[in-house]
Amino acid sequence: MSEAFYSHARLYDLMFPGGGPAVDFYRAGADRHGGRVLELGCGTGHKLIPIASDGHPCVGLDFSSDMLAEAQRKADERGVAVEWVQGDMRAFDLGRTFDFVFITANSLLHLHDAEDLVSCFRSVRRHLAPGARFVFDVFNPSVRLLAEADGVRRTRESFMDPDRGNVSVDVAEIYDAPAQVTRGTWYLSTDSEPDFVVAPLEIRSIFPQELPLLVSLGGLRLVERFGDWSGRPFAVDAPLQLCICESA
């Protein structure tokens, strides 16, 4: 249901320009563990291109051919070599192992069913070299915010498009509690082109108590869980669940 959202790769990069502490965190992790690096749900390469520029052999896997095409363009522009692979993070076989595997920016939350999450973790497990680390970040669900998802369309932000000018972003969301999925519709508009993009985006919530169990069912062990990019311990008010895992 979210595929259309990622078919506008250039607009995605304008809306979510990347950079910041998340990039620094994953670059440091890749440097620490060395060797080959794999990112699942790599998008347009916000994290992986900087890691590759540090000299690491990198593979990026994503479901969206549009996002991968933009990632390739950006890597070529920077003169960085990355192997881009179109595939499904739920089940993949790259025929090799990696020293550092990561999924960032809530990309894991496109998998809504517990079975799909466990299948993803099992695929990751098969691709981990001895001593490798698997790292991912997902938001820490807020029951209050989920309850406020009432389906009303609201303006969330705006960004500047060199071709269109100022683009406003409206979002309408409802929370499907039994599925633990926030079902949203994103609307991109300019004064002259109202709703020139209307795309669904559906994101699962993984609650703190269930997360270690899902990881364990996938053949992994949760080593550490941080609450932000600085490495603060995970707590009730933490915005993130930043998880460091290894093979069980």
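Cut-off values and rules
- In this convention, every chain numbers its residues from 1, walking through the sequence in written order.
- For this predicted model, a pLDDT threshold of at least 70 governs which residues receive local features, and a threshold of 80 or more governs which side-chain atom pairs are given and counted, while totals over whole chains, interfaces and linings are taken from all residues.
- Remark: hydrogens and water are excluded; side-chain values derive from all non-hydrogen atoms of the structure.
- Per the convention used, a helix needs a DSSP run of H or I reaching at least four residues, while a strand needs a run of E reaching at least two, with both numbered from the N terminus.
- Remark: exposure states derive from per-residue accessible area (1.4 Å probe, protein chains only) relative to the maximum for the residue type, with buried under 20%, exposed over 50%, and partly exposed in between.
- For Phe, Tyr and Trp, rings pair up if their centres lie within 6.5 Å, where Trp contributes its six-membered ring, and each pair is then called stacked (planes under 30 degrees apart), edge-to-face (over 60) or tilted (otherwise).
- Comment: the charge-over-ring label is applied if NZ (Lys) or CZ (Arg) is within 6 Å of the ring centre and within 35 degrees of the ring normal.
- Paired strands, in this sense, are two strands between which DSSP finds at least two bridges.
- To obtain each axis, a line is fitted to C-alpha atoms, and for helices this fit is confined to the stretch in contact; angles are then taken between N-to-C directions over 0 to 180 degrees.
- One fewer than the residue count of a helix, multiplied by 1.5 Å, yields its expected span.
- Within this document, salt bridges are pairs made up of a side-chain nitrogen of Lys or Arg and a carboxyl oxygen of Asp or Glu, the two lying within 4 Å of each other.
- Directions drawn from the helix axis to the C-beta atoms are what define this arc.
- Note on contacts: a residue pair qualifies if any of its non-hydrogen atoms lie within 4.5 Å across the two residues.
- Here a crossover is taken to be right-handed if, once the strands point away from the viewer, the path from the first strand over the helix to the second is traced clockwise.
- Buried Ala, Val, Leu, Ile, Met, Phe, Trp, Tyr and Cys residues form a nonpolar core when they are joined through side-chain atoms within 4.5 Å.

Labelled according to an unreviewed UniProt entry, the protein appears under the name Class I SAM-dependent methyltransferase, originating from Nonomuraea helvata.

Asker: Would you take a moment to explain unusual backbone geometry for this structure?
Answerer: Generally, phi is negative for residues other than glycine and the peptide bonds are trans, each holding for most cases. Phi is positive for Ala 105, which is not a glycine, with a value near 60°. Mapped onto the secondary structure, Ala 105 falls in the loop between β4 (98-103) and α5 (114-126). Look at Ala 105 and you get partly exposed, because its relative accessible area is 46%. Within the chain, Asp 195 stands out as a residue other than glycine whose phi angle is a positive 55°. Assignment of secondary structure puts Asp 195 in the loop between β8 (181-189) and β9 (197-204). Residue Asp 195 is classed as partly exposed on the basis of its relative accessible area, which comes to 31%.

Asker: What should I look at first to understand the packing of aromatic side chains in this one?
Answerer: Aromatic ring pairs are defined here through the distance separating the ring centres and the angle between the ring planes. Evaluated as defined, the whole model comprises 14 aromatic pairs. Their ring planes at 75° and their centres at 5.2 Å tell us that Phe 5 and Trp 186 sit as a pair that is edge-to-face. In this pair, Phe 5 sits in the segment before α1 (9-15) while Trp 186 sits in strand β8, placing the two residues 181 residues apart along the sequence. For the pair Phe 5 and Trp 186, a shared accessibility class is recorded, and that class is buried. One aromatic cluster in this structure is built from Phe 5, Tyr 6, Tyr 12, Phe 16 and Trp 186. Above the face of the Phe 196 ring, Arg 164 is positioned so that its terminal group lies 4.0 Å from the ring centre. It is Arg 225 that lies over the ring of Phe 234; its NZ or CZ is 4.9 Å from the centre.

Asker: Please explain the sheet that holds β8 as it appears in this structure.
Answerer: Each strand in a sheet pairs with another by means of backbone hydrogen bonds, the pair being arranged parallel or else antiparallel. If you trace the 4 strands from one edge of the open sheet to the other, you get β6-β7-β8-β9, paired in antiparallel fashion. Pairing within the sheet leaves two strands with one partner each, and these edge strands are β6 (154-161) and β9. Recorded for the sheet is a direction-independent mean angle of 25° between the axes of neighbouring strands.

Asker: Sorry, what's going on with α5 here?
Answerer: Along an α-helix, residues three or four positions apart point the same way, because every turn accommodates 3.6 residues. With 13 residues, α5 extends 19 Å between its outermost C-alpha atoms, agreeing within 8% with the 18 Å of an ideal straight helix rising 1.5 Å per residue. When α5 is considered as a whole, its buried residues turn out to be Leu 117, Val 118, Cys 120, Phe 121, Ser 123 and Val 124.

Asker: Could you clarify how one ought to interpret the pattern of salt bridges in this entry?
Answerer: Proximity of charged atoms lets side chains of opposite charge pair with each other. For the coordinates displayed, the defined rule picks out 23 salt bridges. We note a salt bridge from Arg 10 to Asp 163, for which the minimum N-O separation is 3.6 Å. With Arg 10 in helix α1 and Asp 163 in the loop between β6 and β7 (165-176), this pair connects stretches of sequence that are 153 residues apart. According to the relative accessible area criterion, Arg 10 is partly exposed, its value standing at 35%. A relative accessible area of 64% means that Asp 163 is categorised as exposed. Notably, a salt bridge pairs Arg 183 with Asp 176, separated by 2.8 Å at the nearest N-O pair. Arg 183 sits in the partly exposed class, given a relative accessible area of 29%. Since its relative accessible area comes to 23%, Asp 176 is described here as partly exposed.

Asker: Would you take a moment to explain helix α2 (residues 21-33) for this structure?
Answerer: Taking 1.5 Å as the rise per residue, α2 with 13 residues should run 18 Å; its terminal C-alpha atoms sit 18 Å apart, in good agreement. Within α2, the full set of buried residues consists of Ala 22, Val 23, Phe 25, Tyr 26, Gly 29 and Ala 30. Within α2, the buried residues cover an arc of 165° as seen down the axis, which keeps them to one side. The outward face of α2, more than 90 degrees from its buried face, is lined by the exposed residues Asp 24 and Arg 32. On the buried face of α2, the contacting elements are β1 (37-40), α3 (48-53), β4, β5 (128-139) and β11 (240-247). Positive phi appears at Gly 34, one or two residues downstream of α2, with a value of about 65°.

Asker: Honestly, the pairing of β5 in this entry has me stumped. Any pointers?
Answerer: Residues in a regular strand project their side chains so that they alternate between the two faces of the sheet. With 9 of its 12 residues buried, β5 lies for the most part within the structure. In this region the chain leaves β4, passes through α5 and returns to the parallel neighbour β5; the handedness of that crossover is right-handed. Two strands pair when backbone bridges link them, and β5 and β11 are joined in this way by 6 bridges, in the antiparallel orientation. Of the residues in β11, the one forming a bridge with Val 135 is Ile 244.

Asker: Hey, could you run me through the nonpolar core in this one?
Answerer: As a rule of thumb, soluble globular proteins bury nonpolar side chains together. If you look at the biggest cluster of nonpolar residues, it comprises 49 residues, and the most contacted ones within it are Leu 40, Leu 108, Phe 134 and Phe 136. Those residues in contact with Phe 134 that lie beyond four places of it in its chain are Val 101, Phe 102, Ile 103, Phe 121, Val 124, Leu 128, Leu 220, Cys 243, Ile 244 and Cys 245.

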